[in-house]
Amino acid sequence: MIGLRAFQRTAASPALRQQIRAPRRFASTQAAEDNAFNRERAAVKQHAAESSEPRTLIVFAYSVVIPCLCIAGVNAYRLWNEHWEHVAHGPSLEEKPEYAYQNIRTKNYFWGDGDKTLFWNDKVNYHKQDEE
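As the structure is a prediction and not an experimental result, all values here were calculated from the model.

> It is not clear to me how the overall build of the chain should be interpreted in this structure. Could you clarify?
Scanning the chain from N- to C-terminus turns up four helices and zero strands. Sequence-ordered secondary structure for the chain, helices as α and strands as β, is α-α-α-α. Within the chain, the fraction of its 132 residues that count as buried is 5%. Pairs at least 24 apart in sequence give 30% of the contacts found in the chain among residues at least 6 apart. In the structure as shown, the chain presents an accessible area of about 12600 Å², 59% of it carried by carbon and sulfur atoms.

> Is there a simple way to explain the pattern of salt bridges in this structure?
This structure, assessed with the given rule, holds two salt bridges. For Arg78, the salt bridge is made with Glu82, and the minimal N-O distance between the two is 2.9 Å. With Arg78 and Glu82 both in helix α4 (residues 54-89) and four residues apart, this pair spans about one turn of that helix. Judged by relative accessible area, which is 45%, Arg78 ranks as partly exposed. Take Glu82: its relative accessible area is 43%, and that puts it in the partly exposed class.

> Please clarify how a nonpolar patch on the surface should be interpreted in this entry.
Together, Ile58, Phe60, Tyr62, Val64, Val65, Ile66 and Leu69 make up a nonpolar patch on the protein surface, roughly 670 Å² of accessible area in all. Here Phe60 lies in helix α4. By relative accessible area, Phe60 is classed as partly exposed at 45%.

> How should I be thinking about the confidence of the model for the chain in this particular structure?
Parts of the model with low pLDDT should not have their predicted coordinates read in detail. Across the chain, the average pLDDT comes to 79, with 73% of residues at or above 70. The secondary-structure element of the chain with the lowest mean pLDDT is helix α2 (residues 14-20), recorded at 60, while α4 shows the highest, at 91.

> Before we go on, may I ask you to explain the packing of aromatic side chains in this structure?
Given two aromatic rings, their pairing is described by the distance between the two centres and the angle made by the two planes. Under the definition given, this model contains three aromatic pairs. Between Trp80 and Trp84 the ring centres are 5.8 Å apart and the planes differ by 70 degrees, which places this aromatic pair in the edge-to-face class. One end of the pair, Trp80, and the other, Trp84, are both in helix α4, four residues apart, so they sit about a helical turn from each other. Judged by centre distance (5.1 Å) and plane angle (15 degrees), the rings of Tyr109 and Trp111 are stacked. Among the residues examined, Tyr109 registers a relative accessible area of 29% and is labelled partly exposed.

Reading the values: the criteria
- Residues numbered from 1 in each chain as written.
- Predicted model: local features only at pLDDT ≥ 70, side-chain atom pairs only at ≥ 80, totals over all residues.
- Heavy atoms only, no water.
- Helix = DSSP H or I, 4+ residues; strand = E, 2+ residues; numbered from the N terminus.
- Buried < 20%, exposed > 50% of the residue type's maximum accessible area, 1.4 Å probe, protein only.
- Contact = heavy atoms within 4.5 Å.
- Areas by Shrake-Rupley, 256 points an atom, 1.4 Å probe, with all protein chains shown as cover.
- Salt bridge = Lys/Arg side-chain N within 4 Å of Asp/Glu carboxyl O.
- Patch = residues over 30% accessible without salt bridge, like charges linked within 9 Å, V, L, I, M, F, W, Y side chains within 5 Å.
- pLDDT = per-residue confidence, 0-100.
- Phe/Tyr/Trp six-rings, centres within 6.5 Å; stacked < 30°, edge-to-face > 60°.

Shown next, in the form of structure tokens:
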């Protein structure tokens, strides 16, 4: 098909183009045949129209989605509290070792005291000052 079109575009004379041009096909004016394929296709179309009603989606949202979101929210809240209870039993921030790859500063930040990043959290982050 692509070769035919390329040949049609490059054909020298309009008379030659008319001879080569493929006949145009339009949509059929006849009614669809009553065969298994068309019956199945009509059944799928009808099912899609029935199952996509707004009422069905609303019922699904209220009966499935909202309870699942509530359960997930309760689980996240429980895990959040569990995490902070676990952190409270650990060593304090001052006692934790500071490794060479943590808090690398080549120059101070231009906000605050220059030592804290933009996402600094005092409950989690701690930077031991150099004692020089």
